[in-house]
Amino acid sequence: QVQLVESGGGLVQAGGSLTLSCAASGRTFSGYTVGWFRQAPGKEREFVATIIWSGGSTYYADSVKGRFTISRDNAANTVYLQLNSLKPEDTAVYYCAAGQIRTVRVAISSRAYNYWGQGTQVTVSS
């Protein structure tokens, strides 16, 4: 069993930055691919970024490519999502998730993940 806790959300002006953290407890992230998803009010949950366990490949949604960066610190058992050049349309609850996933094709689907955090709110003002 993996417990995930997100932190780092908040209110920021457009153009600003935030760093989200996803800390694992219960067991390590070893062997798990971690993804970030977000859900805005009235919208479906959407894929943001993922880091594949095997090889460390990363993949981003087109809407965040070049602005967001996902990384992992195995020693700290934490995955980060650096959010730069934030836009009002980035406002959402951001969730991290973990699953035993080997390919990007699978990792972009929320249904592939077994464990989810409670979410952290990111609000970007214009």
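The structure presented is a predicted model; accordingly, all values stated were derived computationally and were not measured.

Q: Would you take a moment to explain the state of the cysteines for this structure?
A: Chemically, a disulfide is nothing more than a covalent bond linking the sulfur atoms of two cysteines. Scanning the entire structure with this criterion turns up one disulfide. For Cys 22, the disulfide goes to Cys 96, at an S-S distance of 2.1 Å. The disulfide joining Cys 22 to Cys 96 has a torsion of about 65° about its S-S bond and is therefore right-handed. Taken together, the positions of Cys 22 in strand β3 (residues 18-25) and Cys 96 in strand β9 (residues 92-99) put the pair 74 residues apart, joining distant regions of the chain.

Q: Mind showing me how you'd approach the packing of aromatic side chains here?
A: Each aromatic ring pair is specified by the distance between its two centres and by the angle formed by the two planes. For the structure shown, the criterion picks out seven aromatic pairs. Aromatic side chains Tyr 113 and Trp 116 sit 6.1 Å apart centroid to centroid with 65° between the ring planes, which places their arrangement in the edge-to-face category. Under the relative-accessibility criterion, Tyr 113 is labelled buried at 6%. Among the aromatic residues, those joined into a ring-pair cluster are Phe 37, Phe 47, Tyr 59, Tyr 95, Tyr 113 and Trp 116. In this structure, Arg 45 packs its charged tip against the face of Trp 116, placed 4.7 Å from the ring centre.

Reading the values: the criteria
- Residues numbered from 1 in each chain as written.
- Predicted model: local features only at pLDDT ≥ 70, side-chain atom pairs only at ≥ 80, totals over all residues.
- Heavy atoms only, no water.
- Disulfide = S-S within 2.5 Å.
- Helix = DSSP H or I, 4+ residues; strand = E, 2+ residues; numbered from the N terminus.
- Phe/Tyr/Trp six-rings, centres within 6.5 Å; stacked < 30°, edge-to-face > 60°.
- Buried < 20%, exposed > 50% of the residue type's maximum accessible area, 1.4 Å probe, protein only.
- Lys NZ or Arg CZ within 6 Å of the ring centre and 35° of its normal.

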